[in-house]
Amino acid sequence: MIKRIRYLFSGIVQGVGFRPFIYRTAQRHRLSGWVQNRADGVWAEVEGLASDLTAFKEDVISNPPPLAEIAISQAVDLLPTGEEGFKILESEGGEARKVHIAPDIAVCDDCLAELFNPADRRHRYPFINCTNCGPRLTIISDIPYDRSRTSMACFPMCPACRREFDDPDNRRFHTEPNACPVCGPILQLLDKDGRAIPTADPLRKAVTALKRGDILAIKGLGGFHLAVDATNEEAVQKLRARKLREEKPFAIMVRDLAAAKRIAHVSPEEERLLLTPQRPIVLLRKKDRSAIATAVAPGVDTFGVMLPYTPLHHLLMQEDFAALVMTSANKSDEPICIQNREATERLRGIADFFLIHNRDILVRCDDGIAAVYAGAPTLFRRSRGLAPRPLFLRKPLPEVLALGAELKGILCLVKENMAFLSPHIGDLETPLARDFFHETMALMERITECRPEVIACDLHPDYYASRTAACMKDRKVIFVQHHHAHIVSCLAENRETGTVLGLAMDGTGLGTDGRVWGGEFLLADETDFIRRGHLKHFLLPTGETAIRHPWRTAVGLLQMAYGASWPEWAGRLRLLPADFAPAMIERILDRRINSPETSSLGRLFDGVAAILGLRREKVNFEGQAAMELEALARKGQGTVLPYDIEKENGVFILDMSPAIRILTEQILAGKPVPDLAALFHATLIAAFADLSRQICAEENLDRAALSGGCFQNRILYEGCVRSLEQVGLKVLRHRLVPNNDGCIALGQAVVAGYRIKKERSL
Ligand code: ZN
Ligand code: ZN
Ligand code: FE
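The rules we used
- Residues numbered from 1 in each chain as written.
- Chains lettered and ligands numbered in written order.
- Predicted model: local features only at pLDDT ≥ 70, side-chain atom pairs only at ≥ 80, totals over all residues.
- Heavy atoms only, no water.
- Donors = N, O, S within 2.8 Å, 3.2 Å for Na, K, Ca; no water.
- Tetrahedral: all angles 85-135°; square planar, octahedral: opposite > 155°, others 65-115°.
- Buried < 20%, exposed > 50% of the residue type's maximum accessible area, 1.4 Å probe, protein only.
- Pairing = 2+ DSSP bridges.
- Helix = DSSP H or I, 4+ residues; strand = E, 2+ residues; numbered from the N terminus.
- Axes fitted to C-alpha atoms, helices over the stretch in contact; angles between N-to-C directions.
- Contact = heavy atoms within 4.5 Å.
- Left-handed = near helix turned anticlockwise from the far one by under 90°.
- Nonpolar A, V, L, I, M, F, W, Y, C, P; charged D, E, K, R; others polar.

Q: Help me understand the coordination of the zinc ion (ligand 2), please; the structure alone is not making it clear to me.
A: The textbook angles at a metal center are 109.5 degrees for a tetrahedron of four donors and 90 or 180 degrees for an octahedron of six. Donor atoms from the polypeptide that coordinate the zinc ion (ligand 2) comprise Cys 158 (SG), Cys 161 (SG), Cys 180 (SG) and Cys 183 (SG), at 2.2 to 2.3 Å from the metal. Coordination geometry of the zinc ion (ligand 2): the four donor atoms subtend angles of 103 to 117 degrees at the metal centre, consistent with an arrangement described as tetrahedral. Taking the relative accessible area as the measure of exposure, Cys 180 reaches 0% and is therefore buried.

Q: Would you take a moment to explain the sheet that holds strand β3 (residues 41-49) for this structure?
A: Backbone hydrogen bonds are what pair the strands of a sheet, in a parallel or an antiparallel way. Spatial strand order, β4-β1-β3-β2-β5: five strands in an open sheet with mixed pairing. At either margin of the open sheet sits one strand with a lone partner, and together these are β4 (69-78) and β5 (86-88). The average angle at which neighbouring strand axes cross in this sheet is 15 degrees, direction not considered. Two strands pair when backbone bridges link them, and strand β1 (residues 2-12) and β3 are joined in this way by eight bridges, in the antiparallel orientation. Across the sheet, residue Phe 9 finds its bridge partner in β3, namely Val 42. Sheet strands in contact with helix α1 (residues 18-28) are β1, β2 (32-38), β3, β4 and β5, and its direction is about 175 degrees off that of β5. Across the sheet, helix α2 (residues 50-62) is in contact with β1, β3 and β4; its angle to β3 comes to roughly 145 degrees.

Q: Looking at this structure, how should I read the coordination of the iron ion (ligand 3)?
A: Only His 482 (NE2), His 486 (NE2), Asp 506 (OD) and Asp 741 (OD) from the protein coordinate the iron ion (ligand 3), and they sit 2.1 to 2.2 Å from it. If you look at the iron ion (ligand 3), its four donor atoms make angles of 90 to 169 degrees with each other, and the shape they trace is irregular. Mapped onto the sequence, the residues coordinating the iron ion (ligand 3) show the spacing H-x3-H-x19-D-x234-D. Placement of the pair is His 482 in helix α13 (residues 482-493) and Asp 506 in strand β21 (residues 500-510), with a sequence separation of 24 residues. Comparing His 482 with Asp 506, the two get one shared label, buried.

Q: Can you help me understand the packing of helix α18 (residues 601-611) against helix α19 (residues 624-633) in this one?
A: What describes two packed helices is the angle between their axes and the distance between those same axes. The contact between α18 and α19 brings their axes to 8 Å, and the two run at 65 degrees. Where α18 crosses over α19, the handedness of that crossing is left-handed. Residue-level inspection shows Phe 605, Asp 606, Val 608 and Ala 609 of α18 in contact with α19, the latter providing Ala 625, Ala 626 and Leu 629. A class-by-class count of the residues in the contact of α18 with α19 yields six nonpolar, no polar and one charged.

Here it is, written out as structure tokens:
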């Protein structure tokens, strides 16, 4: 029986080789008809035997082009017309609204084969790409996506490239960034002052510099990297000193899987994650002995490892480097550099050479970071390779632009049932980061062709994003509590709805009572929440300053655990720095001078680490003490210490004081720190499961959602997943957005969307 079906495909179907894919698939199944780009997506009519039509549809859905994300918006049966052959029709004009910009993707195997084939016209050409790979978001200035609206506009194609571009049977049919050595971008090497170094082979010279131990700035896909030989201790130290990044671990790039396995333990799941076309940095457990310099990742037991993802990386990694440090090119927490001039100015005094090219990066996009926790991938940073791919929500929501939190900034724009997440912006503490924040806001509105009237932001009035929102007089602003946003983001990405018990565990978020929250058990749904339980509040002497100087947080914990006799214990622990009189900090605490109350688990970790003797005086980045405590705990053994759960006005208070007293006494008795660190982790996990079980029994709930930066701690995360499941709860986990504040914008957008919807229906 002959049938004819008309399809409307939406989703990511533009710039991903979708039409030639439909053309080839239709031909393979002996179907006639046509395919065409229109304003609202890709339309196709296919005609043939009913069985062939079914096979066609199955093929389209199960084997789409690697970059595509297909939704069938319409499928209508038509009368057969007897049409012969299959055609790709000219695009119909009008603005493309339902078609999305694809993320940047690692160079594909077909292109790699050509790259290393001496007979190929693109042999060793660093900008080789095709419909299935290469730059997308990072070269786009506007939509719809075609070459004239990308940074390839200034490179007219040569006749050979043009032929590929026009041929539906070619892998490069409508590959907008198509290029070759004749017509495309080229490499150039600059010295430390940004002056061009004349050479026929810039790559060779750059490799020589790296081998010598010099620091090379390399222009990549979404920004510059700073590279040094990761096995050269002195070179890595030099980079640390120049970059003012005293101790944060550096990411490294290795040539292939075998090279990764030489320096770290790689499970099959981790292997899959390393090889995904998004090519994230994957956190892997260090091997005891490897060639990697100690200065690459001091104090932690993991390496951040990625495989090459641009042709240029592959060419570099051919040169027998065991590993290269590849860290975002910036000074400490500023945004990554993208322009040639910008790089030579901002990296002056850091880079010895610059390996640049003349294809502009138009959108900043940092490397993504991921790990495998409890058997599944978890993201630490959602950026290159994933941005601006949307998450699909359960239901369409009103349009909202959410501005995120202060740290790990990311924006979320909700349109219909899609939540578009921006590239990672970073901490909004420097003028450069704030510029980037505004750039990103404009970008998101441009590529989604949407200017939402509703803005969502954090409750905290001093956050840069909240202040920005307050200035947008023509839009409606909705404030969302930080931990509520955490839990709703987890609900939303799991496409679940209704009330859950949310465990929101992080460093800082302003509570509705003006306190600093961060160890929260919330009963939450999409519009509202009740704070059903929390870690017992303790004082944070000198407020924010205590984050950098954990001994102060430890004083707050000792006061909670021992009351007025805390100075005695602080004295025995030798907790206070020599120049700090106990009387002074006593006065600060007694009069509560700049000493907010907090329930933050992040701070509890800092304080316990300091009591156990780690990082007392100073941490160089937030979470450093906790990361080291976790690394030690993996080497230790421990069961569970006592803790208290009390109820005050219907709210559960989890008091870790009994455990803190035992830890204090045991460290004074000379017990090994790894065992005490392990005990502390085990106690938290047991207490969280215990309290969750009690709340869920009272509230008749069977689901718990986990979110918050503290769940980047592998022991805590895996322990909580396991023990919550053991008490019979279904555990909702983040997979598509990070546990840290990179998920906040999604949560804010969904809360605001539901609130508007509710308001409108009243
Ligand atoms: Zn390719
Ligand atoms: Zn060409
Ligand atoms: Fe948070």
